[in-house]
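What the coordinates show
Each chain, written out:
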Amino acid sequence: MELEQLKDMWKEQDQVSSPIDFQPILGKKSKSPIAIMKRHLNFELFFVLVSYGLVIAFYLIAFSGRFAVVAGMYIVIGLLFCLYYYKKYRLLNDMECMACQVKSNLGQQVKTLERYVRFYWLAGTAILPIIMIFFYWFEYTFLSPGGARIFMLPSETVSMPASLGNLAIWITIATIAGYYVNRWYVKKLYGKHIDKLKQMLLQMEDETIAS
Amino acid sequence: MHQNASQTEFLKLVEQHRGIIIKICAIYARQAEEREDLFQEVIVQLWKAWPSFKGLSKFSTWLYRIALNTSISGLRKKKTDLVYMDQLHMPESGYEEDNTRKEQLGALYRAIRQLPEIDRAVVMLFLEDHSYEEMEEILGISQGALRVKMARAKEKLKRTIQTIEYGA
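Looking now at the overall build of chain A. Of the regular secondary structure elements, chain A holds 6 helices and 0 strands. Along chain A, helices (α) and strands (β) appear in the sequence α-α-α-α-α-α when read from the amino end. Its C-alpha atoms give chain A principal-axis dimensions of roughly 90 × 45 × 25 Å. Counting every position in chain A, which comprises 211 residues, the buried fraction comes to 34%. Excluding contacts between residues fewer than 6 apart, the proportion of contacts in chain A whose partners are at least 24 apart in sequence is 65%. Element-wise, carbon and sulfur atoms account for 67% of the exposed surface of chain A, whose accessible area totals about 12,800 Å². Within chain A, the 16 negative side-chain charges are centred at a point lying 11 Å from the centre of the 22 positive side-chain charges.

Attention now moves to the interface of chain B and chain A. The interface of chain B with chain A comprises 66 residues on the first partner and 48 residues on the second. Our count for the contact surface shared by chain B and chain A stands at 3 salt bridges. The partner of Lys-196 of chain A in a salt bridge is Glu-117 of chain B, and the shortest N-O contact between them spans 2.6 Å. Listed by contribution, the elements that provide at least two residues to the side of chain B that touches chain A are helix H1 (7-16), helix H2 (18-28), helix H3 (32-49), helix H4 (59-73), helix H5 (95-113), helix H6 (117-127), helix H7 (132-139) and helix H8 (143-165) of chain B. When residues in the side of chain B that touches chain A are grouped by element, the largest group, 11 residues, is from H8 of chain B. Looking at the side of chain B that touches chain A residue by residue, the class counts come to 32 nonpolar, 13 polar and 21 charged.

The subject of this paragraph is the packing of H4 of chain B against H7 of chain B. Residues and elements named next belong to chain B. The contact between H4 and H7 brings their axes to 9 Å, and the two run at 50°. It follows from the interaxial angle that H4 and H7 lie oblique. Considering only the axes of H4 and H7, their crossing is right-handed. Seen from H4, the contacting residues are Thr-61, Tyr-64, Arg-65 and Leu-68; seen from H7, they are Glu-137, Ile-138 and Leu-139. For the contact of H4 with H7, the residue count by class is 4 nonpolar, 1 polar and 2 charged.

Before going further, it helps to spend a moment on a nonpolar patch on the surface. All names here are of chain A. Nonpolar side chains collect at one region of the surface, where Phe-43, Phe-46, Phe-47, Val-50 and Leu-54 lie side by side and expose about 570 Å² of accessible area between them. Note on placement: Leu-54 falls in helix H3 (residues 33-61). Residue classification places Leu-54 among the exposed positions, given a relative accessible area of 59%.

Moving on, we come to the packing of aromatic side chains. Inspection of the entire model under this criterion finds 31 aromatic pairs over all chains. Measuring from centroid to centroid gives 6.2 Å for Trp-50 of chain B and Phe-59 of chain B, while their planes differ by 75°, and the two rings are edge-to-face. Here the two residues Trp-50 of chain B and Phe-59 of chain B agree in accessibility, since each one is buried. Taken together, Tyr-52, Phe-58, Tyr-59, Phe-63, Phe-67, Tyr-74, Phe-134, Phe-135, Trp-137 and Phe-138 of chain A form an aromatic cluster joined through their ring pairs.

Right, let's get into the nonpolar core. Counting residues in each nonpolar core, the largest one holds 88 residues, and the members touching the most others are Leu-106 and Tyr-116 of chain A together with Ile-21, Leu-46, Leu-68, Leu-108 and Leu-139 of chain B. Filtering out sequence-adjacent residues up to four positions away, Leu-106 of chain A remains in contact with Leu-197, Met-200, Leu-201 and Met-204 of chain A together with Ile-72 and Ile-118 of chain B. Within the second largest apolar cluster, 7 residues are counted, among which are Met-132, Phe-151, Leu-153 and Ile-171 of chain A.

Okay, the environment of Ile-112 of chain B next. As for its position among the elements, Ile-112 of chain B is in helix H5. Exposure remark for Ile-112 of chain B: the relative accessible area of 0% places this residue in the buried category. Excluding residues that lie within four positions of it along the chain, Ile-112 of chain B makes contacts with Trp-10 of chain A together with Ile-27, Arg-120, Val-123, Leu-127 and Leu-157 of chain B.

Our focus in this paragraph is the pattern of salt bridges. Considering all chains together, one arrives at 9 salt bridges over all chains under this definition. In this structure, Lys-198 of chain A engages Glu-114 of chain A in a salt bridge whose closest nitrogen and oxygen atoms are separated by 2.7 Å. One end of the pair, Lys-198 of chain A, is in helix H6 (residues 160-210); the other, Glu-114 of chain A, is in helix H5 (residues 102-142), with 84 residues separating them in the sequence. The partly exposed category is assigned to Lys-198 of chain A, whose relative accessible area is 39%. Residue class for Glu-114 of chain A comes out partly exposed when judged on its relative accessible area of 26%. Between Glu-15 of chain B and Arg-18 of chain B there is a salt bridge, with the nearest N and O atoms lying 3.4 Å from each other. Exposure remark for Glu-15 of chain B: the relative accessible area of 26% places this residue in the partly exposed category. Where salt bridges share partners, they join Asp-119, Lys-149 and Lys-156 of chain B into one cluster.

Cut-offs and rules
- Sequence order as written defines residue numbering, which begins from 1 separately in each chain.
- Starting at A for chains and at 1 for ligands, labels are handed out in the order in which the entities are written.
- In view of the model being predicted, local features appear only for residues whose pLDDT reaches at least 70, and side-chain atom pairs are presented and counted only at 80 or more, with totals across whole chains, interfaces and linings using the full set of residues.
- Only hydrogens and water are set aside; all other atoms, that is, all heavy atoms of the structure, feed into the side-chain values.
- For the purposes of this entry, the term helix denotes a DSSP run of H or I that reaches at least four residues, the term strand denotes a run of E that reaches at least two, and both are numbered from the N terminus.
- Whether a residue is buried, partly exposed or exposed follows from its accessible area with a 1.4 Å probe, protein chains only, as a fraction of its type maximum: under 20%, in between, or over 50%, in that order.
- Contact between two residues is taken to exist if any of their heavy atoms lie within 4.5 Å; hydrogens are not considered.
- To be clear on the numbers: accessible area is Shrake-Rupley with a 1.4 Å probe, and residue cover counts the displayed protein chains and nothing else.
- Positive charges come from Lys and Arg, negative ones from Asp and Glu, while His and the chain ends are left out of the count.
- Charge positions are represented by NZ for Lys, CZ for Arg, CG for Asp and CD for Glu.
- One speaks of a salt bridge when a side-chain nitrogen belonging to Lys or Arg is within 4 Å of a carboxyl oxygen belonging to Asp or Glu.
- Lys, Arg, Asp and Glu make up the charged group, whereas Ala, Val, Leu, Ile, Met, Phe, Trp, Tyr, Cys and Pro make up the nonpolar group; the residues left over, Gly among them, are polar.
- To define axes, lines are fitted to C-alpha atoms, for helices over the stretch in contact only, and angles between the resulting N-to-C directions are given on a 0 to 180 degree scale.
- When an angle is under 35 degrees it counts as roughly parallel; over 145 it counts as roughly antiparallel; between 65 and 115 it counts as roughly perpendicular; any other value is oblique.
- Should the near helix be turned counterclockwise from the far one by less than a right angle, the crossing is left-handed, whereas a clockwise turn marks it as right-handed.
- The patches described consist of residues with a relative accessible area above 30% and no salt bridge, like charges being joined within 9 Å and nonpolar side chains (Val, Leu, Ile, Met, Phe, Trp, Tyr) within 5 Å.
- To pair, rings of Phe, Tyr and Trp, with the six-membered ring standing in for Trp, must have centres within 6.5 Å; the planes then decide the type, stacked if under 30 degrees apart, edge-to-face if over 60, and tilted in the middle.
- Residues enter a nonpolar core if they are buried and are Ala, Val, Leu, Ile, Met, Phe, Trp, Tyr or Cys, with the set joined through side-chain atoms within 4.5 Å.

Right, here's the structure in full:
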């Protein structure tokens, strides 16, 4: 059967059947990938604010305020997280233009999603060295010598350059491992979706070149 | 006018154009549950975007863009391919004729769903009798490229429908 002949049959489907009640649908939450990503990000922010708030309160109250500086560090990390949240949320807002032409919307999604993923990946990689430096500084400044330590701190037998060299080695190992683990993780989370979007964009672009 | 348009006006317009939404959902979602989810998602996206509808383009153009963008970029594929015909309204006619039409329409839907995502949109707009100019306005693909795509899609569809009809 020719496609032209099927046109009439296709249009006959438009004849009105029973009405649909759209009203209850209007109040529903979107299930689009971007809406889900936004909800996850908001949950992440909520979780960080609550858990960090408790930790900060604990360090301010416990140990007679001796470790208040730890609370300060958590406040700094919390503020960094807020910046991270803001950047990610802005990228998600820029990610789609539903009323735009399909090609332009797809292009915008691919471009913004790649920026989002790169940011996620780099932020995830950077967090480990920052935490390690913080713990090194914390052990060096606040813990009395002789106890259990994560890092090799300067002492009678270990010089400062040796201690910093040791820290640098661990940071390098952690950064390299974090780089690859994060790359694998973001690819697992978004890789297929990005590939699918790119493939559809290509479907639109290669024909343009062909014409 | 459209900036302050009421929910009633929105619902009225959506009701008038619901056939388009149902057909788009049918070409992008295979199972009834997926189609239902997609249908609701399209309505949610339309309602979200409604305050920004300025009336610069036709309502149907705006609706096509949102429905296609929602269906294309939010695809969740399932492996099984169930043929659904239950929600598609067929014109009143003799029982046998009705069944034949349903079968032909079913074959057409199955054939369209075997096309790449973008080609499905092009074919649907063609079946809805849209000009290449209108298709370009909705999809953002040049008219020349659309003609190339349509010619290829017609060939593919013809072959697929024949295969389905003759059970090859």
